[in-house]
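Examining the three-dimensional arrangement
These are the residues of each chain, in order.
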Amino acid sequence: MLLAIILIIVGIAAGIVSTVSGLASLVAYPALLLLGLSPINANVTDTLALVFNGISATVSSRRELRGHWHELLIIMPVTLIGCVVGSLLLFALPANDFKKVVPLFILLAGLFILIPRQQQHHQQQASWLRALLWLGVFLVGVYSGYFGAASGVVMLALLLFLLDAPFAECNAEKNATLGAANVVSSIVYMTQVKIKWLFVIPLSIGFLIGGYVGPKIVRYAPVKPLKILISIGAFVLSIVLFMQNIK
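For the structure given in this document, a descriptive report is provided here.

Parameters and conventions
- Residues numbered from 1 in each chain as written.
- Predicted model: local features only at pLDDT ≥ 70, side-chain atom pairs only at ≥ 80, totals over all residues.
- Heavy atoms only, no water.
- Helix = DSSP H or I, 4+ residues; strand = E, 2+ residues; numbered from the N terminus.
- Rg over C-alpha atoms; globule rule 2.2 N^0.38 Å.
- Buried < 20%, exposed > 50% of the residue type's maximum accessible area, 1.4 Å probe, protein only.
- Lys, Arg positive; Asp, Glu negative; His and termini not counted.
- Salt bridge = Lys/Arg side-chain N within 4 Å of Asp/Glu carboxyl O.
- Contact = heavy atoms within 4.5 Å.
- Expected span 1.5 Å × (residues − 1).
- Patch = residues over 30% accessible without salt bridge, like charges linked within 9 Å, V, L, I, M, F, W, Y side chains within 5 Å.
- Areas by Shrake-Rupley, 256 points an atom, 1.4 Å probe, with all protein chains shown as cover.
- Charge placed at Lys NZ, Arg CZ, Asp CG, Glu CD.

**Thoughts on the overall build of the protein**
For the protein, the helix and strand inventory stands at 13 helices and zero strands. Shown N-terminal to C-terminal, the secondary structure of the protein runs as helices and strands in the order α-α-α-α-α-α-α-α-α-α-α-α-α. Radius of gyration (C-alpha) of the protein: 17 Å, near the 18 Å computed for a compact globule of 247 residues. Along the first, second and third principal axes, the C-alpha set of the protein runs to 50 × 35 × 30 Å.

In structure tokens:
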């Protein structure tokens, strides 16, 4: 019972952080490790619970998603194809080599978010840059299926430059896209790993609550301070993961 209560609280906190910034792993992943799960089981448990985070965040973000479903019909397939590739790679390749570059990805995403955007920027972007951004969306899909820590903040950073939309709307599209990606990853994981349902169920309840609350915070929060907080969180997570790599 105590474990369930702890996991629900962790899930609420991680769900809010996830839908506001994409940094759920800053809360949930270390907590699951402290509660005794192995790194792979912690990653799988986190991903399965995040499915419910994506559901509640999408419901809560209907206002922001209005008029953007045509964009999601492009973003989602690109991400999901990458996600399938990444989920299969998790069980085929050693994670240690890949994790060495993860802190750099997260650090760059934190910096990217701080770069001010120009209005109508998408009309001024060179074709090679837009192609590179779309490649980035695919690679985030691969990354989210393979490991996933802070994949949300990397996706958010890309969408802020790929789409001509306000911060809250880009954030909503990020939540919906990675929510679908977590469904795909979870299906693959369930065929490969014994699921720790004792952890997944209460964590999912917390994520469901936190995922509904988070978008409402983004809707009314000032954008500049929010971006700074997200960047600080990304920097902290990149340092933590870097320190883990050198141990």
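**Points about the side chain of Lys227**
As for its placement among the helices and strands, Lys227 is situated in helix H13 (residues 223–245). The side chain of Lys227 is buried and forms no salt bridge, while Asp164, the nearest opposite charge, is found at 11 Å. Beyond its immediate sequence surroundings of up to four residues, Lys227 is in contact with Ile113, Leu114, Leu160 and Phe167.

**Topic: helix H5 (residues 69–90)**
Taking 1.5 Å of rise per residue, the 22 residues of H5 would be expected to cover 32 Å, and the 30 Å separating its terminal C-alpha atoms lies within 8% of that figure. The secondary structure elements touched by the buried residues of H5 are helix H3 (39–60), helix H4 (62–65), helix H9 (127–146), helix H10 (151–162) and helix H11 (167–190).

**A closer look at a positive patch on the surface**
A contiguous patch of positive charge, built from Arg62, Arg63, Arg66 and Lys216, is present on the exposed surface. Note on placement: Arg62 falls in helix H4.

**Structural notes on the pattern of salt bridges**
In total, this model carries one salt bridge according to the counting rule given. The partner of Arg219 in a salt bridge is Glu64, and the shortest N-O contact between them spans 2.7 Å. Taken together, the positions of Arg219 in helix H12 (residues 197–220) and Glu64 in helix H4 put the pair 155 residues apart, joining distant regions of the chain. Glu64 matches Arg219 in its accessibility class, with the two residues each being buried.

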